[in-house]
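Each chain is listed here by its residues.
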Amino acid sequence: AGTKISPDFGSQNIVTTGDATITGGDLTLSGAFPKFLFIDVAGSDLDSYIINNANVLALGKTNSPSPSNDILLLKLSDKSAQFKGNLDVDAGLDVTGNLTSSKVLIGTTVTNTNDVLIVSDPGDVFMSIRSDAAADNTRQFLDFGTGTGDRSSTNQTASIRASIHSQSGGTLKSDLIFQTNSGNS
């Protein structure tokens, strides 16, 4: 029924053609800066790699790992990720933890000491607060407050609210309301 072998190739390189399948165990890759190289022989000129380099797991283009070819860095020591280029998220972007940066910059790298959110564009800049559908009494809020609790008179300092009161004849009619908190009495 065959003989079980346990080959030890020592320091030899192993070269084979075809597929390799490993079942029931681990594949361990060890060495100085271990890496996987993905070489596409089907005509594409964009090969890729995964390398572990100084507590950073880097994914990159070409089969010559270097910081200039890295695309995604997973920083193992501080559990952070860095994308070198644009990040396109098809199903929405959810942030479930706290932002550790004191600034959120959209369209700019310029900051000042006071602003926490900066949206910039070389031309006109538009920001939208939208509801999924138009219906009477649908409202959009922009709240100003303190703390992290739900909006209430104990933590809300002001708000701007748009409120749809009619959509007769296919035309939306709404009010824009400015409100400040004058106390809890």
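Residues numbered from 1 in each chain as written. Predicted model: local features only at pLDDT ≥ 70, side-chain atom pairs only at ≥ 80, totals over all residues. Heavy atoms only, no water.

**Some words on the overall build of the protein**
In plain terms, the rule: Secondary structure elements are defined from DSSP: runs of H or I of at least 4 residues count as helices, runs of E of at least 2 residues count as strands, and each element is numbered from the N terminus. For a compact globule the rule gives 2.2 Å times the number of residues to the power 0.38, and the radius of gyration it is set against comes from C-alpha atoms. Type-normalised accessible area, obtained with a 1.4 Å probe on protein chains alone, sets the label of each residue: buried when under 20%, exposed when over 50%, and partly exposed for intermediate values. A contact between two residues is defined here by any heavy atoms of the two lying within 4.5 Å. Positive: Lys, Arg. Negative: Asp, Glu. His and the chain ends are not part of the count. Where a charge lies is defined by one atom per residue type: Lys uses NZ, Arg uses CZ, Asp uses CG and Glu uses CD.
Helices and strands together make up the secondary structure of the protein, namely zero helices and ten strands. Ordered by position from the N terminus, the helices and strands of the protein form the series β-β-β-β-β-β-β-β-β-β. Taking 2.2 N^0.38 as the reference for a compact globule, 185 residues should give roughly 16 Å; the C-alpha atoms of the protein span a radius of gyration of 28 Å, well beyond that estimate. For the protein, with 185 residues in total, the buried portion stands at 12%. Within the protein, contacts between residues at least 6 apart in sequence are counted, and of these 12% link residues at least 24 apart. A distance of 7 Å separates the average location of the 12 positive side-chain charges in the protein from that of its 19 negative side-chain charges.

**A closer look at the side chain of R161**
Rules: The salt bridge definition used is simple: a Lys or Arg side-chain nitrogen within 4 Å of an Asp or Glu carboxyl oxygen.
If you trace the backbone, R161 turns up in strand 9 (residues 156-166). Although R161 is buried, it forms no salt bridge, and the closest oppositely charged side chain is D175 at an N-O distance of 7.6 Å.

**Concerning the nonpolar core**
What counts here: Put simply, a nonpolar core is a bunch of buried Ala, Val, Leu, Ile, Met, Phe, Trp, Tyr and Cys residues held in one set by side-chain atoms that sit within 4.5 Å of each other.
Within the largest apolar cluster, five residues are counted, these being Y49, I51, V56, A58 and L73. Where this core is concerned, the elements lending two or more residues are strand 2 (48-53) and strand 3 (56-61). When residues no more than four places from it in sequence are discounted, the contact partners of L73 are V56, L57, A58, S80, A81, Q82 and K84.

**Remarks on a nonpolar patch on the surface**
The line we're drawing: Patches here: salt-bridge-free residues with over 30% relative accessible area, like charges joined within 9 Å, nonpolar side chains (Val, Leu, Ile, Met, Phe, Trp, Tyr) joined within 5 Å. All accessible-area figures derive from a Shrake-Rupley calculation using a 1.4 Å probe, and residue coverage is judged against the displayed protein chains alone.
Taken together, the side chains of I22, L27, L29, F36 and F38 present a nonpolar region at the surface, about 500 Å² in accessible area. Looking at where F36 falls in the secondary structure, it is placed in strand 1 (residues 35-38).

**As for the sheet that holds strand 2**
Backbone hydrogen bonds are what pair the strands of a sheet, in a parallel or an antiparallel way. Inclusion rule: Only strands that DSSP links by at least two bridges are regarded as paired with each other. With axes taken as lines fitted to C-alpha atoms, and helix axes fitted only over the stretch in contact, angles between N-to-C directions fall between 0 and 180 degrees.
Overall, antiparallel pairing links the five strands, which are arranged 1-2-3-4-5 in an open sheet. Edge strands, defined here as strands with exactly one partner in the open sheet, are strand 1 and strand 5 (80-83). In this sheet, adjacent strand axes meet at a mean angle of 10° when their direction is disregarded. Judged from the five bridges that link them, strand 3 and strand 4 (residues 70-75) form a sheet pairing that is antiparallel. Across the sheet, the residue bridging to V56 is K75, located in strand 4.

**Quick notes on the side chain of D47**
Our working rule: In protein, a polar contact requires one atom able to donate a hydrogen and another able to accept it; more generally it is a pair of N or O atoms within 3.5 Å, and residues adjacent in sequence count only if both atoms are side-chain atoms.
Note on placement: D47 falls in the loop between strand 1 and strand 2. In this structure, D47 is buried with no salt-bridge partner, the nearest side chain bearing the opposite charge being K61 at 13 Å. A polar atom in the side chain of D47 sits 2.9 Å from the backbone nitrogen of D40. Beyond its immediate sequence surroundings of up to four residues, D47 is in contact with F38, I39, D40, G60, K61, T62 and N63.

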